[in-house]
Amino acid sequence: MAQRIDVKDLDIYYGDFHAVADVSMTIDPRSVTAFIGPSGCGKSTFLRTLNRMHEVIPGARVEGTVAMEGVDLYGDDIDPVAVRRQVGMVFQRPNPFPTMSIQENVLAGVKLVNKRISKADAADLVEQSLVGANLWNEVKDRLDKPGAGLSGGQQQRLCIARAIAVKPDVLLMDEPCSALDPISTLAIEDLIAELKQSYTIVIVTHNMQQAARVSDRTAFFNIAGTGKPGRLIEMGDTGTMFSSPTEKATEDYISGRFG
Amino acid sequence: MTSTAPPTARATPARRRRTPRDRGMNRAFRLVSTGSGALILAVLAAVAIFLVARAWPALTTPGAEIAQDVGWFPADASFLSFVGPLVFGTLLAAVLALVMAVPLSIGIALFISHYAPRRLATALGYAVDLLAAIPSVVYGLWGAMTLVGFVGPIWEWLASFLGWIPLFEGPAATPARVMLTAAVVLAVMILPIITAVCREVFLQTPKLHEEAALALGATRWEMIRTAVLPFARSGIVSGAMLGLGRALGETMAVLMILSPGFLYSFAILQAGQQQTIAANIAAQYADAAPIGVSTLIATGLALFVITMAVNMAARAIVARRKDFSGAN
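Please read all numbers here as calculations on a predicted model, not as lab measurements.

*Asks:* Where do I start with the overall build of chain B in this structure?
*Replies:* Per the secondary structure count, chain B includes eleven helices and zero strands. Mapped from its N terminus to its C terminus, chain B presents α and β elements in the order α-α-α-α-α-α-α-α-α-α-α. On C-alpha atoms alone, chain B measures out to a radius of gyration of 26 Å, which is more than a quarter above the 20 Å that the 2.2 N^0.38 rule sets for 328 residues. By its C-alpha atoms, chain B is 85 × 55 × 35 Å across when sized along the principal axes. When the 328 residues of chain B are sorted by exposure, 43% land in the buried category. The contacts in chain B between residues at least 6 apart in sequence include a share of 75% that link residues at least 24 apart. Total accessible area on chain B is roughly 17900 Å²; 68% of this is exposed by carbon and sulfur atoms. With 23 positive and 14 negative side-chain charges, chain B shows a spacing of 24 Å between the two charge centroids.

Next comes the structure, spelled out in structure tokens:
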């Protein structure tokens, strides 16, 4: 299930614009890795290269390697569609499919791979995924109601259920709580702590307390100025990063003396 | 919001200066929009009243009496048995046109919105819009002079190989002044409006939902199926209804192409089978006696009723899945 990711000398470009420069890092399986840093520093862009979602934007390209258990995701014979089935993603704003019921939403990804899933298997998978996303008790009586009718926090957990229903190896979360109230945020954070038992989780967050609460390791990205590429400044155990970071820039950012 | 800050000495003059004008604008805007809404209702009502009033003589006169004054009215018919085949022909033409145009329009619109490189998409968009600007007489001419000759052999082929389907029953007429040819021209005519509506709706699919599908490992077509098409459903129906409205009322193209007949016939490759209401009005209007004009207007009333019924049915279809429309 959970897999380790090795990123080596990764540069990301949008056309001529050099967005992120020279990132190398290792992301451990069964752990939560948090990316922090000021807006525009490239942490979301970098996150999206881990499942090749950045390619949705025309002109985007990368140099370097992203290897999952030794297999380069950017190898010539690798299909981005297959990568995305292996690496799930949860977005900043909850985005359940509005035309689908709760149950259909959970099954949306599964139906792409396995069109003939039996009713019983589908029901099992829906329950299992919704339980996994801590949402089952709240929605079990209205699985056929529209997913868009849930609260924001419930919608985000529905999106997590949808992502884990396809049984990915890695789960990417791009500021998953930034559109949610504190109570929903807490629910998602608890969920992240449970999910890391079986998945490799990478989370981008603007909330430093959140990074400190949920992550095992933290990576700090920064940008030298407008138009310059973002860089990975420092990465380490979350405890160390927040108590005694090596770099001055990290300390300034964490203690709020910066942007 | 109507709540205002507690009036302080500084805030008061600003409020005095702004509020009355805002209120004035508010009121003016409300009047204009209410007026526009009322106007369209009034126009519709006026048309309906005109149609009913002018159609009344024909509706209340026995068929035999109409037939005495009007040459083209069958002697043994009542008004209903006269208008029946026309309603049938009109619906047949419009449905055939829609069946051909809607899938093609969705395909073109998807190509423009999701597949074509941007410059090609823009050029193609203009080309489709240009199709809409061609007057229907020109389409009629093109259909009657060029298309009829071109499709003749194809229709013959259809009749000989698929003739066992009642729709394609032969012999195919030469020249091909038949319903299927007219429907092809109608399809070309309604293509631009349906394509334009679909394209706009497809382009408005939230990026969020497209990315959600892609992140689940959807290919481009799967992404379109899970995110774009469901979102665009009501828009596609609206576009199709606009097209259907035009196809139902289209006069010149049908008049110039179709060799008319007054049968309940599905034989769309044979001549002299069907006629549409609008084309029939145009064909007979010039030399009709007063009771004849009234009869034609009564068929117009029937067209009016059909169009309204079709539109209401379409709305009902769209509204049935309102909860899932994504409008919230």
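*Asks:* Explanation requested: a nonpolar patch on the surface in the structure shown.
*Replies:* Residue and element names in this part refer to chain B. Taken together, I40, L41, L44, M308 and M312 make up a surface patch of nonpolar side chains, about 530 Å² in accessible area. In terms of residues, the nonpolar patch owes the most to one element, helix 1 (residues 11–60), which gives three residues. By relative accessible area, which is 61% here, M312 ends up exposed.

*Asks:* I'm lost on the layout of surface pockets in this one. Help?
*Replies:* Of the voids in this model, the largest pocket is the one considered here, and its volume is about 850 Å³. Of all the secondary-structure elements, those providing two or more residues to the lining of the largest pocket are helix 3 (79–115), helix 4 (118–132), helix 6 (179–203), helix 7 (207–215) and helix 8 (220–249) of chain B.

*Asks:* It is not clear to me how empty space enclosed by the protein should be interpreted in this structure. Could you clarify?
*Replies:* Tallying each qualifying case throughout the model produces one cavity of 30 Å³ or more. R84(A), G88(A), M89(A), V90(A), N95(A), C159(A), R162(A), A163(A), V166(A), A212(B), A215(B) and L216(B) are the residues that line the largest cavity. Residue assignment for the lining of the largest cavity shows that the elements contributing at least two residues are strand 6 (87–90) and helix 6 (152–165) of chain A together with helix 7 of chain B. Residues belonging to the lining of the largest cavity are distributed by class as follows: eight nonpolar, two polar and two charged.

*Asks:* In this structure, what is going on with the pairing of strand 3 (residues 32–36) of chain A? I would like to understand it.
*Replies:* The side chains of a regular strand alternate, first on one face of the sheet and then on the other. All names here are of chain A. For strand 3, the tally of buried residues reaches five of five residues, placing the bulk of the element in the interior. Pairing of strand 3 with strand 8 (residues 200–204) involves four bridges; the strand directions are parallel. Counterpart to V32 in the pairing with strand 8 is I201. Sheet topology note: the strand 3/strand 9 (residues 217–223) ladder contains four bridges and is parallel. The partner of T33 across the bridge, within strand 9, is R217.

*Asks:* Explanation requested: the pattern of salt bridges in the structure shown.
*Replies:* In a structure, side chains of opposite charge can pair up when their charged atoms sit close to one another. Residue and element names in this part refer to chain A. As enumerated under the stated definition, the model contains 14 salt bridges over all chains in all. A salt bridge links D252 to K248; the shortest N-O distance between them is 3.2 Å. Of the two residues, D252 and K248 are both situated in helix 10 (residues 248–254); the distance of four residues between them amounts to about one turn of the helix. Note on K248: relative accessible area 58%, which makes it exposed. Residues joined in a network through salt bridges with shared partners are D28, R217 and D237.

*Asks:* Teacher, can you tell me more about the UniProt feature "domain: ABC transmembrane type-1" (unreviewed entry) in chain B here?
*Replies:* Under the present numbering, the feature "domain: ABC transmembrane type-1" (unreviewed entry) in UniProt falls on residues 87–314 of chain B. Taken end to end, residues 87–314 of chain B has its terminal C-alpha atoms 19 Å apart, with 76% of it in helix and 0% in strand.

*Asks:* Honestly, the UniProt feature "transmembrane region" (unreviewed entry) in chain B in this entry has me stumped. Any pointers?
*Replies:* UniProt annotation of "transmembrane region" (unreviewed entry) refers to residues 28–53, 86–111, 123–142, 148–168, 180–203, 223–245, 252–271 and 291–314 of chain B when read in the numbering used here. End-to-end, the C-alpha atoms of residues 148–168 of chain B are 16 Å apart, and along that stretch the chain is 67% helix and 0% strand.

*Asks:* What's the story with the packing of aromatic side chains in this structure? I'm lost.
*Replies:* Two measures describe an aromatic ring pair: the distance that separates the ring centres and the angle between the ring planes. All chains considered together, the criterion is met by nine aromatic pairs over all chains. For the pair F88(B) and Y264(B), a centre-to-centre distance of 5.8 Å together with 65° between the ring planes defines the contact as edge-to-face. With F88(B) in helix 3 and Y264(B) in the loop between helix 9 (252–257) and helix 10 (277–284), this residue pair connects regions lying 176 residues apart in the sequence. Of the residues examined, Y264(B) reaches a relative accessible area of 58% and is grouped as exposed. The structure contains a cluster of three or more aromatic residues connected by ring pairs, namely F35(A), F46(A) and F221(A). For the cation-ring pair, R162(A) lies above F97(A), with the distance from its terminal atom to the ring centre recorded as 4.7 Å.

*Asks:* I tried to follow the environment of V148(B) on my own but got confused; where do I start?
*Replies:* All names here are of chain B. Note on placement: V148 falls in helix 5 (residues 136–161). Remark: the alpha-carbon pair of V148 and L110, spanning 38 residues in sequence, is separated by 30 Å. Beyond its immediate chain neighbours, meaning those up to four positions away, V148 contacts G143, P175, A176, R177, T181 and I257.

*Asks:* Just to check I follow, could you spell out the nonpolar core for this structure?
*Replies:* The nonpolar side chains of soluble globular proteins are, as a tendency, buried together. M25(A), F35(A), F46(A), L50(A), W155(B) and F202(B) are the most contacted members of the largest nonpolar core, which has 123 residues in total. Examining the composition of this core, we find that 16 residues originate from one element, helix 3 of chain B, more than from any other. Beyond its immediate chain neighbours, meaning those up to four positions away, W155(B) contacts A172(B), A176(B), V178(B), L180(B), T181(B), V184(B) and L269(B). With 44 residues, the next largest nonpolar core counts L107(A), L180(A), I201(A) and F220(A) among its residues.

Calculation criteria
- Residues numbered from 1 in each chain as written.
- Chains lettered and ligands numbered in written order.
- Predicted model: local features only at pLDDT ≥ 70, side-chain atom pairs only at ≥ 80, totals over all residues.
- Heavy atoms only, no water.
- Helix = DSSP H or I, 4+ residues; strand = E, 2+ residues; numbered from the N terminus.
- Rg over C-alpha atoms; globule rule 2.2 N^0.38 Å.
- Buried < 20%, exposed > 50% of the residue type's maximum accessible area, 1.4 Å probe, protein only.
- Contact = heavy atoms within 4.5 Å.
- Areas by Shrake-Rupley, 256 points an atom, 1.4 Å probe, with all protein chains shown as cover.
- Lys, Arg positive; Asp, Glu negative; His and termini not counted.
- Charge placed at Lys NZ, Arg CZ, Asp CG, Glu CD.
- Patch = residues over 30% accessible without salt bridge, like charges linked within 9 Å, V, L, I, M, F, W, Y side chains within 5 Å.
- Salt bridge = Lys/Arg side-chain N within 4 Å of Asp/Glu carboxyl O.
- 1 Å grid on protein atoms, 1.4 Å probe; cavity = no way out; pocket = protein on both sides within 12 Å on 5 of 7 lines; lining within 4 Å.
- Points joined across faces, edges and corners; volume = space filled by probe spheres on them.
- Nonpolar A, V, L, I, M, F, W, Y, C, P; charged D, E, K, R; others polar.
- Pairing = 2+ DSSP bridges.
- UniProt positions renumbered as here; feature names shortened; annotations may be inferred.
- Phe/Tyr/Trp six-rings, centres within 6.5 Å; stacked < 30°, edge-to-face > 60°.
- Lys NZ or Arg CZ within 6 Å of the ring centre and 35° of its normal.
- Core = buried A, V, L, I, M, F, W, Y, C linked by side-chain atoms within 4.5 Å.

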